[in-house]
Amino acid sequence: MSQAQADCVGIVIVSHSPEVARGAADMARQMAGDEAPIAWCGGDPDGGLGSDVGKIIEAIEAAWSEQGVAILVDLGGAETNSEVAIEMLDPGRAEKVRICNAPLVEGAVMAAAEASGGASLTEVVRTAEEYSPA
Amino acid sequence: MLSDLIKEVCEAVIAHEAELTALDSAIGDGDHGLNMKRGFSELLAKSDELAGQEVGAALKAAGMTLVMKVGGASGPLYGSLFMSLGKELAGKTEIDQSVIAEALAVAQAAVMARGKSQPGQKTMLDVIAPVQQKLAEGAALTDVAAAALAAAEATAPIQALKGRASFLGERSIGHVDPGARSSAVITEAACRVLERSG
Ligand SMILES: [Mg+2]
């Protein structure tokens, strides 16, 4: 999903809706350009609104960076299923993945902007989480 | 016996699809029936393969299937429940009611951790907790099933504090929680099979 070099923290967007996830990823990419890898997924295993652990793992792999991966989620199931997806990664990778407690779209844009500047995972997550509407 | 257990639990969940959907439509996003049907249909399709395994391994595999297939928060929650039960029961040769009660206590803790929740918040835990307690007290299995059904009904007056139903605030009052109801359906079917097989 992204040709970016993985020198920057990767961003994964997980929504119940594939359209929301793709749209948020488009907005994040506007900020991040090709610097930070960005991947998205949405929908349940049958394509309805929901979450899919397998698709979340694939998105984390697509946006993989040794600098780490920040995940933005929308509602409950997206978060719970993302937590499970992280636990199913290799332990060495799992510790480099964090879920941001931030609104999906705004958090994705803030995280991508921060990541594209070469910030650490901790800084990317903090920037997304500190976002508040002006 | 394991084969009957898996099949009857799956059939019970699938048979309640419409009711679970209606309950979730009232206070959530209306996907609980379809999500549970998707996950338990997959288990039903795999039931012979699962029943051929040792009980611990079968429960772990069942939990993993639910995690991957359900498609909502109930996937990881039921997945944690069954995987934890499997881990506790693995290698046990004498599985009596007290052993099941002890395993369910650990599984309940796993669901609480996964959902960052506790009993009293209008969730499946409001059924799992009393079921665990009844089993630990050595209650008859018919009484365990009855307690599960009553506990699900008793979620109606609670205001939801977890999940999407919590967005409704006071409007969540007066509706049975779909996750509590599906837990009761599963408990009733499991107790029926266990009772029959002694
Ligand atoms: Mg739902």
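See above for the structure.
Residues numbered from 1 in each chain as written. Chains lettered and ligands numbered in written order. Predicted model: local features only at pLDDT ≥ 70, side-chain atom pairs only at ≥ 80, totals over all residues. Heavy atoms only, no water.

### Details of the interface of chain A and chain B
The criterion, for reference: We call two residues contacting when some pair of their heavy atoms lies within 4.5 Å. The quantity reported as buried area is the accessible area (1.4 Å probe) lost by two parts once they are put together, taken as the sum for both. Salt bridges are defined by distance alone: a side-chain nitrogen of Lys or Arg within 4 Å of a carboxyl oxygen of Asp or Glu. By definition, any uninterrupted DSSP run of H or I lasting at least four residues is a helix, any uninterrupted run of E lasting at least two residues is a strand, and each is numbered from the N terminus.
In this assembly, 18 residues from chain A lie in contact with 14 residues from chain B. Together chain A and chain B conceal approximately 1,300 Å² of surface at their shared face, both sides included; 54% is due to carbon and sulfur atoms. Sorting the residues of chain A by area buried against chain B places Pro 45, Leu 75 and Thr 80 of chain A first, and these three jointly supply 29% of that buried surface. Counting the contacts that link chain A with chain B gives 5 salt bridges. When residues of the side of chain A that touches chain B are traced back to their parent elements, those giving at least two are helix H2 (53-62) and helix H3 (76-87) of chain A.

### Quick look at the coordination of the magnesium ion
Residues and elements named next belong to chain B. Convention followed: We call an atom a donor if it is N, O or S and sits within 2.8 Å of the metal, or 3.2 Å for Na, K and Ca. Water is not counted, so some sites may look partial. The buried label applies to any residue whose accessible area, calculated with a 1.4 Å probe on protein chains only, is under 20% of its type's maximum; exposed applies above 50%, and partly exposed to all values in between.
Here the magnesium ion is held by the protein donor atoms Asp 24 (OD), Asp 29 (OD) and Asp 31 (OD), which lie 2.0 to 2.4 Å from it. Counting gaps between the donor residues of the magnesium ion yields the pattern D-x4-D-x1-D. Asp 24 sits in the buried class, given a relative accessible area of 9%.

### Re unusual backbone geometry
Residues and elements named next belong to chain B. A positive phi angle is found at Lys 116, which is not glycine, with a value near 45°. Within the fold, Lys 116 resides in the loop between helix H7 (97-115) and helix H8 (125-137). With a phi close to 65°, Lys 122 is a non-glycine residue in the positive phi region.

### Considering the pairing of strand E3 (residues 69-73) of chain A
Residue and element names in this part refer to chain A. Worth spelling out the cut-off: When DSSP locates at least two bridges between a pair of strands, those strands are taken to pair.
Of all 5 residues making up E3, 5 are buried, and the element is well covered by its neighbours. Relative to E3, strand E1 (residues 10-15) runs parallel, the two sharing 5 bridges. Of the residues in E3, the one forming a bridge with Ile 11 is Ala 70. Where E3 meets strand E4 (residues 97-100), 4 bridges bridge the pair, whose relative direction is parallel. Residue pairing for E4: Ala 70 is matched across the bridge by Arg 98.

### Some remarks on the pairing of E1 of chain A
Residues and elements named next belong to chain A. Inclusion rule: If you view a crossover with the strands going away from you and the path from the first strand over the helix to the second runs clockwise, you call it right-handed.
Among the 6 residues of E1, 6 are classified as buried, and the element is accordingly described as predominantly covered. Alternating positions in E1 separate into two faces, Gly 10, Val 12 and Val 14 on one and Ile 11, Ile 13 and Ser 15 on the other, with burial throughout. Summarising the sheet, E1 and strand E2 (residues 38-42) pair through 5 bridges and their orientation is parallel. Within E2, the position partnered with Val 14 by the bridge is Cys 41. Each parallel crossover has a hand, and for E1 linked through helix H1 (residues 18-32) to E2 it is right-handed.

### Quick look at the nonpolar core
What counts is decided by this rule: Only buried residues count toward a nonpolar core, which is a set of Ala, Val, Leu, Ile, Met, Phe, Trp, Tyr and Cys residues joined through side-chain atoms within 4.5 Å.
Judged by nonpolar contacts, the single largest core of 50 residues is most densely connected at Phe 40, Tyr 78, Phe 82, Leu 104, Val 127 and Ile 186 of chain B. Counting residues per element, the ones that place at least two in this core are helix H1 (2-15), helix H3 (32-45), helix H5 (55-69), helix H6 (74-89), H7, H8, helix H9 (141-153) and helix H10 (178-196) of chain B. The element that contributes the greatest number of residues to this core is H10 of chain B, accounting for 8 residues. When sequence neighbours within four positions are dropped, the list of residues in contact with Phe 40 of chain B reads Val 9, Cys 10, Val 13, Ile 14, Leu 66, Phe 82 and Ile 186 of chain B. Counting residues in each nonpolar core, the second largest holds 25 residues, with Cys 8, Val 9, Ala 111 and Val 125 of chain A among its members.

### Remarks on the packing of aromatic side chains
Here is the rule we go by: For Phe, Tyr and Trp, rings pair up if their centres lie within 6.5 Å, where Trp contributes its six-membered ring, and each pair is then called stacked (planes under 30 degrees apart), edge-to-face (over 60) or tilted (otherwise). Think of it as a cone above the ring: NZ of Lys or CZ of Arg counts as a charge over the ring if it is within 6 Å of the ring centre and within 35 degrees of the ring normal.
A complete count under the given rule lists 1 aromatic pair over all chains for this structure. Ring geometry for Phe 40 of chain B and Tyr 78 of chain B: centres 6.5 Å apart, planes at 85°, overall edge-to-face. Of this pair, Phe 40 of chain B sits in helix H3 while Tyr 78 of chain B is found in helix H6, placing the two residues 38 residues apart along the sequence. Looking at Arg 93 of chain A, its charged tip hangs above the ring of Trp 64 of chain A, at a distance of 4.1 Å from the centre.

### Focus on the state of the cysteines
Where we set the bar: By convention in this document, the label disulfide applies to cysteine sulfur atom pairs within 2.5 Å.
Following the criterion strictly, the structure yields 0 disulfides over all chains and no others. In this structure Cys 8 of chain A is not part of a disulfide, and its nearest cysteine sulfur, from Cys 100 of chain A, lies 15 Å away. A disulfide-free cysteine, Cys 10 of chain B has its sulfur positioned 16 Å from the sulfur of Cys 191 of chain B, the nearest such atom. Note on Cys 10 of chain B: relative accessible area 1%, which makes it buried.

### Comments concerning the pattern of salt bridges
Tallying each qualifying case throughout the model produces 14 salt bridges over all chains. Between Arg 29 of chain A and Asp 26 of chain A there is a salt bridge, with its nearest N and O atoms 3.8 Å apart. With Arg 29 of chain A and Asp 26 of chain A both in helix H1 and 3 residues apart, the pair spans about one turn of that helix. For Asp 26 of chain A, a relative accessible area of 41% corresponds to the partly exposed category. Of the charged contacts in the structure, one is a salt bridge between Arg 196 of chain B and Glu 8 of chain B, with a shortest N-O distance of 2.7 Å.

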